[in-house]
Each structure stands twice: as structure tokens, then as C-alpha cells.
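Examination of the molecular architecture
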Amino acid sequence: MTSAELVPSVPAASRVWRRNLRVFSKVWKGALLPQFFDPLFYLLALGFGLGTYLATINGIPYKQFVGAGLMSSAVMWAASFETTWNIFFKMEETRLYDSVLATPVEVQDLVLAEVAWAATRAVIYGTTFTLIVAIFGLVDSPWAVLTPLFLALGGACFGMLGLTFTSLIRTMDWYSFYYTLFITPLFLFSGIFYPLDRLPDWVHVVAWFTPLYHLVEITRGLVLGPDALSVLGNALWLVVVTSVLFVIPVSALRRRLVA
Amino acid sequence: MSAVSAHGLVKRYGEILAVDGIDFEVPAGVCFGFLGPNGAGKTTTMKMIYGLAEVDAGELSVLGLDVRRKRREVKARIGVVPQEQNLDRELTVRENLYVQALYHGLPADGRIDELLDFTLLAGRADGKPAELSGGMKRRLLIARALVNRPELVVLDEPTTGLDPQARLAVWGLLDRLRSEGVTLLVTTHYMEEAERICDRLVIMDEGRIVTEGAPRDLLERFGEPNLEGVFLRITGHGLRE
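Further remarks concern the overall build of chain B. Helix and strand content of chain B: 9 helices and 10 strands. Its C-alpha radius of gyration of 18 Å places chain B within 12% of the 18 Å reference for a compact globule of 241 residues. With the C-alpha coordinates aligned to their principal axes, the bounding extent of chain B is approximately 50 × 40 × 35 Å.

Before going further, it helps to spend a moment on the sheet that holds strand β6 (residues 78–81) of chain B. Residue and element names in this part refer to chain B. One open sheet holds the 6 strands; their spatial order is β6-β7-β8-β3-β9-β10, and the pairing between them is mixed. In the strand order of this sheet, the two ends are held by β6 and β10 (208–213), each with one partner. Within this sheet the neighbouring strands show an average axis-to-axis angle of 15 degrees, counted without direction. Both strand β3 (residues 31–35) and strand β9 (residues 200–205) contribute to a ladder of 4 bridges, which runs parallel. Pairing of Phe34 across the sheet is with Val202, part of β9. On top of the sheet, helix α1 (residues 42–49) reaches β3, β7 (152–156), β8 (183–188) and β9; it is set at about 150 degrees to β7, its chief contact. On the sheet, helix α6 (residues 164–179) packs against β3, β7 and β8 and is oriented at approximately 150 degrees with respect to β8.

This part covers the pairing of β8 of chain B. Residues and elements named next belong to chain B. Among the 6 residues that make up β8, 6 are buried, leaving the element largely enclosed by the rest of the structure. Of the two faces of β8, the one lined by Thr183, Leu185 and Thr187 and the one lined by Leu184, Val186 and Thr188 are each fully buried. Pairing of β3 with β8, which is carried by 5 bridges, proceeds in the parallel orientation. Following the sheet pairing, Leu35 is matched in β8 by Thr188.

This part covers the packing of helix α6 (residues 147–168) of chain A against helix α11 (residues 247–257) of chain A. Two measures define how a pair of helices packs: the angle their axes make with one another and the distance between the axes. Residues and elements named next belong to chain A. Where α6 contacts α11, the two axes come as close as 9 Å, and the packing angle between them is 30 degrees. Classed by the angle they form, the pair α6 and α11 counts as roughly parallel. Note that α6 runs across α11; the crossing there is left-handed. Every residue of α11 that contacts α6 at Leu163, Thr164, Ser167 and Leu168 is listed here: Ile248, Pro249, Ala252, Leu253 and Arg256.

Time to look at the interface of chain B and chain A. Counting residues at the interface gives 24 residues for chain B and 20 residues for chain A. Secondary structure elements with two or more residues in the side of chain B that touches chain A: α2 (71–77) and α3 (93–103) of chain B. Considering each element in turn, the side of chain B that touches chain A owes the most residues, 5 residues, to α3 of chain B. Of the residues assigned to the side of chain B that touches chain A, the class counts are 11 nonpolar, 5 polar and 8 charged.

What follows covers unusual backbone geometry. Residue and element names in this part refer to chain B. In this structure, Leu120 takes a positive phi of about 60 degrees despite not being glycine. The topology assignment puts Leu120 in the loop between α4 (111–118) and α5 (134–146). On the basis of neighbour counts, which here come to 15 C-beta atoms within 10 Å, the residue Leu120 falls in the partly exposed class. Not every positive phi belongs to a glycine, and Arg149 is a case in point at roughly 45 degrees.

Turning our attention to the confidence of the model for chain B. Mean pLDDT over chain B stands at 93; residues scoring 70 or higher make up 99%. Looking over chain B, one finds the lowest element-wise mean pLDDT in helix α9 (residues 227–235) of chain B, namely 83, and the highest in β6 of chain B, namely 98.

All names here are of chain B. Its location among the elements puts Val202 in strand β9. A count of 22 C-beta atoms within 10 Å places Val202 in the buried class. Sequence separation of Val202 and Lys11 is 191 residues, and the distance between their C-alpha atoms is 18 Å.

All names here are of chain A. Locating Gly233 in the fold gives a position in helix α10 (residues 228–245). Judged by local crowding, Gly233 falls into the partly exposed class, with 13 C-beta atoms found within 10 Å. Separated by 18 residues in sequence, Gly233 and Leu215 have C-alpha atoms that sit 11 Å apart.

The next subject is the environment of Gly36 of chain B. Residue and element names in this part refer to chain B. Along the chain, the position of Gly36 falls in the loop between β3 and α1. The class for Gly36 is buried, based on 26 C-beta atoms found within 10 Å. Those residues in contact with Gly36, other than ones at most four positions away along the chain, are Lys42, His189, Ile203, Met204 and Asp205.

All names here are of chain A. Compared with the 46 Å implied by 1.5 Å per residue over 32 residues, the 44 Å span of helix α3 (residues 62–93) between its first and last C-alpha is a close match. Among the 32 residues of α3, 25 are classified as buried, and the element is accordingly described as predominantly covered. Two residues or fewer past α3, Arg95 is found with a positive phi of approximately 55 degrees.

To continue, consider the packing of α3 of chain A against α6 of chain A. Residue and element names in this part refer to chain A. Axis separation between α3 and α6 bottoms out at 8 Å; the angle between their running directions is 35 degrees. Of the two elements, α3 crosses α6, and the hand of that crossing is right-handed. Note on element contacts: α6 touches α3 through Thr147, Leu151, Gly154, Gly155, Phe158, Gly159, Gly162, Leu163, Phe165 and Thr166, opposite Met71, Ser72, Val75, Met76, Ala78, Ala79, Ser80, Glu82, Thr83, Thr84, Ile87 and Phe88. Per-class residue counts for the contact of α3 with α6 are 11 nonpolar, 10 polar and 1 charged.

Right, let's get into α6 of chain A. Taking 1.5 Å per residue as the helical rise, α6 of chain A with its 22 residues ought to reach 32 Å, and the 32 Å between its terminal C-alpha atoms agrees with that figure. In terms of burial, α6 of chain A is a largely internal element, 19 of the 22 residues being buried.

Residues and elements named next belong to chain B. Strands sit in the order β2-β1-β4-β5 across an open sheet of 4 strands; the sheet is antiparallel. Pairing within the sheet leaves two strands with one partner each, and these edge strands are β2 (16–27) and β5 (65–66). Most of the contacts of α1 go to strand β1 (residues 2–13), to which it runs at about 120 degrees, and overall it touches β1, β2 and β4 (57–62).

Rules of the game
Residues numbered from 1 in each chain as written. Chains lettered and ligands numbered in written order. Predicted model: local features only at pLDDT ≥ 70, side-chain atom pairs only at ≥ 80, totals over all residues. Helix = DSSP H or I, 4+ residues; strand = E, 2+ residues; numbered from the N terminus. Rg over C-alpha atoms; globule rule 2.2 N^0.38 Å. Pairing = 2+ DSSP bridges. Axes fitted to C-alpha atoms, helices over the stretch in contact; angles between N-to-C directions. Contact = placed C-beta atoms within 7 Å. Buried ≥ 20, exposed ≤ 12 C-beta atoms within 10 Å, placed from the backbone. Parallel < 35°, antiparallel > 145°, perpendicular 65-115°, else oblique. Left-handed = near helix turned anticlockwise from the far one by under 90°. Nonpolar A, V, L, I, M, F, W, Y, C, P; charged D, E, K, R; others polar. pLDDT = per-residue confidence, 0-100. Expected span 1.5 Å × (residues − 1).

Encoded structure:
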């Protein structure tokens, strides 16, 4: 693959992004609204339910602890849906990409566009949930206004991971592995519901290699009063992983769509 | 200058040699046909022209540009009507044309209404592709291919599966395009279609070009009353599947 086949055109990518925005603006009320409720129910059940019995964690009210973590998982779920089922459908079912690639849009533009769109959708969901958390009075720090920026970064990372997986699988059946063995475990074991502090060292090592852990560290930091260096360190992790992965879906999708 | 020029063009899919070193020249402004049985390599050749298949060997230039090095530029100046219907199902008829202009980086000006009129779809502009008949979908694919005012339009089996009226409507559109000087590249396995619309054609079989010429010349050369006879004479009467 030459560099001309790897470096995306931002204008071309932004056009594909605008197509997605147009579709989203039509369908969000019907198909996508229910997804807004997921993190809210977790917040009510665990934060306000279980939280009644578990007053604080590391000095933080439990509902506040969970609320800050769930902002990150809202982003993970939204971005993952976008670049798994939705992309597979556009690629293999409606053959939409064949028509897009017959215009001046190239594969690398498509990858950038879809990841940017996944991040956008993740920000829409994550920020809505952040506002709900704020309305419940669970936000302490003014730094929380920066959350959407970092949610976008987390969304891009999960969008890229989902697209990487999608670009490599042949049938949709593989998504059950992706969700059951990757996304769901991240949801449960990334420090959203309990801190990893007192768990054995190897748990920290494993967690460090997973994206949700870093995103949870960021959102919790921003909502409770940040350690700027730690937020930037975790953000850097997400930037590096997202950028490094880029080449995989570009080359896999090129083999698949421009055979 | 030729609209399309190919020399020793090769495409392999694993063990299968889909296109086996073909040469052809498509003069600007004509309707040029690619005939051949299923699997002859027609669609693969079209895909190499419009950038959805990589060229494995040989040379291929479209509108004077090397497709391997100038893919974006080539795609900006051509239109594509694919064999498979791949309209954007989540958008209306009008929006399908709007996003096509968007992908090309062009303003969505009066061109869209002009094309809706041209393809007789103005009354369906706000419907979804799923609500269209087969003939309307094909006309919308043609309208979509024309959004960027292409100099060359590649049509892969533009009338397959259409009823006679719908097919006539497509032929009418192609006639008008050709009269405007647009080069048309059409694949088909309907012999009467090739006789009706093509100025020149090649017949492909098993990845090679087996004959070429103007339809009338081919009839004379092979002493057959119609292209069907020429086609069967060259590609054989047997079923090959």
C-alpha cells in the first residue's frame, strides 16, 4: 500500500460524515432514542439503588462514582454499535460503500469518516448522559465542561476498534464474540462499578491495556476534579491506539472493497 | 484522444484469470459495448475502469489519466451505473442525488431537478428507493451517475431485468447522452440491445477479447443475420456451467 492509499482526504471524509449526520437526523427519534436510556437505568439501579447501601468509595458518594464511569461506557456502546452492525450492513448488505467508492472518495477517507462519525454519535450519547448526571447533582468540578472533547476521543478509539474487527470478519456471527468476550467484559471490569485499587497487580496490568479503563479514568477525573497530568496521559493512550490501528481497516477494507 | 485505452490489461482473482491481457480503445463520444457470456470478464474490466478493482498488470488510461496513479481524478470525471442496485436506502430519491453531489464536492444546485426531470423521476423525488419499481431504480442509478456531468459513463448491464418499456426508457436516456457527446461504455448480454445502441463493440469470452468491430461489420464478417448468431458462433452453443 502506497502512502497515497493511506493518507486520507479530510474534505472527502467530511462529505461522508455529513451523509451520516443527515441519516441520523432522520432516524434518531425512532431507532436510536432507546439507547439513551441504558446508562440512565444503570445509574438508577446501581448509583441510587445499590448506592443507598454502599455510601462511599474512596470518599466519593457511590452514585457519583458510578455516574462518572457510565459516561464512558455510554460512549463505548454508541461507538461500537456504529462501527460493527451498522458498518457491516452498509458494506455487505446495501453495498453502499461500492457506490461511495465510485466517487472521488477513497477507502482511507471512508475509514476516517466512519470513525469520526462513530465519535460524533458517541459524543451525542455521552454528553446527553453527562448532562443527566449533572442534573442529578453528581458533578463537582468545572473541568467537566471538557468532557465532550475526551468522550469524542474515547468514541474514536472504540469506533476504530469496532471498524478494525468489522474489516476482518466475514460474517456477522463474529460480533457475538466481540461483544461477549470484549465489550461486555470491559464494561464490567474497567473500574466503572468498583475501583481496581485493591485488586491484585495483574488486574491493573490487564486494565492498562484496555481502552475503557483509560476513558473511565478521564471522565471520573474531569467530573470529580482532575489531575491534569493523569487525564492527558490517559488521553495520549487513546490517541496512540486509535492512530496506530488506522492502517488495519484501511488495508483490510481496500482488499475487500477494491479487490 | 481515446476515452479509454487498455494495453495488456490483466486481472487475477487467486487462481482465476478474470481478464487475460486485453487491448482495446474506446473513442471519445461513441457508445461502446462489451458483450460476452456471464463470467467473461466484462464487469471486472468495468470495475478496473471505475476504480473498484486494482489493475494487476498492463496499462489502463481513462480520459488520458493512468487509473493506477490518478484514481480520484478519474472518478471525478466519470459516472458509474453498477450492475447491482446500491442506492442509499436510508435517503430519499432527491437526497440520493444530493449526497452524490456532496461526495463529488459539488454544490447541490439546479442539476438535481434537471436530472430528476431527465430520468422522469420528479414525481418520486421524496420517496424512498424501496418504493420504486425496477425501471425507476435503474433510472435513478443513471441520474446519480450524471450528477458530476461526466465525460464518460460506465453502465454495467443497464437493462438487465427490466420490462420492455423500462428498457426503451433507458435506451432513450442513453441516446440523449450520446447526442450530447458523452462517451458510453455498456456491458450487456442482450444482442438486440448491442445492435440497437452500440456504435462499436467487443465480444469477450473467458477473459479475452475474441472479436471487435461495428455491429454491422461483425454481421458481414461472420455472415450472420444478427449479433446473436455472431455471438453463438464465437462463444459456442454449449452451456458452460
